[in-house]
Structures are given as structure tokens and as C-alpha cells.
Amino acid sequence: MKSKSAQTKPSIVFCHGIWADGSSFSKVIPTLQEEGHDVIAAQYGLDTPEGDVATVKRTLGRVSNRAILVGHSYGGSVITAAGIDDRVVGLVYIAALAPEAGETSQSQLDKFPVTDAFKYVEVADGRVWMRPEGVVCFAGDLSEQEQKVVWATHHAPAADLFSRNAPGTAWKSKPSWYIVANNDRTVQPDLQRFLAKRMGASTHAVNSSHVAMLSHPDLVVDVIRAAAKAVQASSVKA
């Protein structure tokens, strides 16, 4: 049985990007669980934005309290749409996309043309696969062994995933936090700063590759912890 203090803490629902799955949050989940949060990672198929958002909403039904959504990369587009759900109380973006109404994941990237990672992809069987050499751009500050694991577990998105978007712009009505990865070679850091400013997010920068939750898990936990305390305090006042 959960303690009373655990019951009052917001749940945390993680939303992964492309070339990833829920295991990309493996370094931050244990600490949050130990601190009393109900934590789960949404495992969606990267087939359509609408389908991915629907999976996140189903996942919200598996946690006990209202939730903070944490989105990495494309997962930012997912939480922006899924976050309009009444069960969501806050949004944390990690080197993530955050569309305005009418924007797609691709149209955001086009504002600040991407750096290196997308040079190392191969489209086959309707999916976009990362070639092995691309992991250095994607996760350049991890050890070689960790990079090999990232590549071995990468989940290829549908080739047209970035060309459409699910409706909903949660950052217009929900408090948001944004972690900018200064050394990102997948999503331009300048795009990240633009998106964080546009949504009025509490912004934190780290000298990280695209996968800050793997290379700087303590910083990511600190930001999620701050978000949780803020929404908890807001809930008590209400």
C-alpha cells in the first residue's frame, strides 16, 4: 500500500522519441520510484502521431495520480497533444519538439535545419532506420558500449511520422519545463531554445548530446523533481 505522501505526489509518464523506446529512461526511473512517484513509460509504435497519443492516454489510466508527462525528442510532439488530457498537470521536455497548432514535427525541424544525425539513416520497409555510424551523432557523450546498446535497441519510426501531427497544444494551458541539450546533433539546440522560449518554459541547459536522460540523468531527475514540487504546491493551494 502506498503511503499518504506517495499518494499526493504526481505520477510520471515518460514518452520516448524516435530510434528509442521506454528503456531510454532507465537511468532516471529508479530514483523517481524511490522518491514515491508512480512511474511508467508509454510504449507506443511510432506508426502515427494519433496512435502514439492514444497510447499515452491509455497509459495515463494505469497510474494512480494526476501526471507529469515527460517527452524526449519526438516525444515532445506526443506530450503536446496528449497533455490536454485533464489527468495531466505538467509537461517536461527533453531536447524535444513542441508544435504549435498547424505545425508538424518536420515543419519544426525545418525552422532550424538539423545537424548530423539525419545524414545516417536508411528508409526501408516503410521505416526510417539509423545506420550504426549514426549513433555517434545521436548519443555522442555515452561510452562506446552504451552507444552500441542504444543502436541495438533503436526503434525505427514510420517514414511519414513527422509529416503529420495529432491535435492539441497543451503547453498553452499547462506549466512546462524544458531541458536544452547544448551539444545536440539531432535536434538543433537553437530550435530547442526557440521552442522553450515560445512556450514560456522554465528552461535548463546542459552540455549534452541528444540523449540527456542517459548522459546526464541526475540533471534530468532534478528538473522532473522541480516540476513535481511545483505542481504539487499548486494543487495544495487550489
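What counts, and at which threshold
Residues numbered from 1 in each chain as written. Predicted model: local features only at pLDDT ≥ 70, side-chain atom pairs only at ≥ 80, totals over all residues. Heavy atoms only, no water. Pairing = 2+ DSSP bridges. Helix = DSSP H or I, 4+ residues; strand = E, 2+ residues; numbered from the N terminus. Axes fitted to C-alpha atoms, helices over the stretch in contact; angles between N-to-C directions. Buried < 20%, exposed > 50% of the residue type's maximum accessible area, 1.4 Å probe, protein only. Arc of directions from axis to C-beta. Contact = heavy atoms within 4.5 Å. Left-handed = near helix turned anticlockwise from the far one by under 90°. Nonpolar A, V, L, I, M, F, W, Y, C, P; charged D, E, K, R; others polar. Core = buried A, V, L, I, M, F, W, Y, C linked by side-chain atoms within 4.5 Å. Right-handed = clockwise from strand over helix to strand, strands pointing away.

Trainee: Explain the sheet that holds strand β4 (residues 88-94) to me, please; I cannot follow it from the model alone.
Mentor: Picture the strands of a sheet paired through backbone hydrogen bonds; they go either parallel or antiparallel. Pairing is parallel across the open sheet formed by 6 strands, whose spatial order is β2-β1-β3-β4-β7-β8. Whereas interior strands pair on both sides, the edge strands pair on one side only; in this sheet they are β2 (39-42) and β8 (202-206). If you compare each strand with its neighbour and ignore which way they point, the axes differ by 20 degrees on average. With 4 bridges connecting them, β4 and strand β7 (residues 176-181) associate as parallel partners.

Trainee: Quick question: what am I supposed to make of helix α8 (residues 189-199) here?
Mentor: Listing the buried residues of α8 in full gives P189, L191, Q192, L195, A196 and M199. Viewed along the axis of α8, the buried residues span an arc of 155 degrees, placing them on a single side of the element. Taken together, the buried residues of α8 touch β4, α5 (105-111), β7 and β8. At the C-terminal side of α8, G200 shows a positive phi close to 70 degrees.

Trainee: Help me out: how do you make sense of the environment of A196 in this one?
Mentor: With respect to the helices, strands and loops of the structure, A196 is situated in helix α8. Considering only alpha carbons, one finds A196 and A95, 101 residues apart in sequence, at a separation of 9.7 Å. Ignoring any residue separated from it by four or fewer positions in sequence, one finds A196 in contact with Y178, A201 and T203.

Trainee: What should I look at first to understand the packing of helix α3 (residues 49-60) against helix α4 (residues 75-82) in this one?
Mentor: A pair of packed helices can be characterised by two numbers: the angle between their axes and the separation between those axes. For the pair α3 and α4, the least separation of the axes is 9 Å and the interaxial angle reads 65 degrees. For the pair α3 and α4, the sense of crossing is right-handed. Residue-level contacts link D52, V53, V56 and K57 of α3 to V78, A81 and A82 of α4. Broken down by class, the residue content of the contact of α3 with α4 amounts to 5 nonpolar, no polar and 2 charged.

Trainee: Which parts of the structure should I look at to understand the nonpolar core?
Mentor: A general trend in soluble globular proteins is that nonpolar side chains are found buried together. Counting residues in each nonpolar core, the largest one holds 72 residues, and the members touching the most others are F14, I68, L69 and Y93. Considering each element in turn, this core owes the most residues, 7 residues, to helix α10 (residues 217-237). Those residues in contact with L69 that sit more than four places away from it in its chain are V13, V56, L60, I79, A82, G83, V88, G90, L91 and V92.

Trainee: Could you clarify how one ought to interpret the pairing of β2 in this entry?
Mentor: Along any regular strand the residues' side chains alternate between the sheet's two faces. Pairing analysis gives 4 bridges linking strand β1 (residues 11-15) to β2, with the strands arranged parallel. Each residue of the ladder has a partner; that of I12, found in β2, is V39. Each parallel crossover has a hand, and the one from β1 via helix α2 (residues 29-34) to β2 is right-handed.

Trainee: Please explain unusual backbone geometry as it appears in this structure.
Mentor: Residues apart from glycine generally show negative phi values, whereas peptide bonds are mostly found in trans. Backbone geometry at A95 places phi at a positive 45 degrees, although glycine is not the residue there. Along the chain, A95 turns up in the loop between β4 and α5. Overall, the relative accessible area of 0% leaves A95 in the buried class. In the Ramachandran plot, D125 falls in the positive-phi region, its phi being about 55 degrees despite a non-glycine side chain. Looking at where D125 falls in the secondary structure, it is placed in the loop between β5 (121-124) and β6 (127-130).

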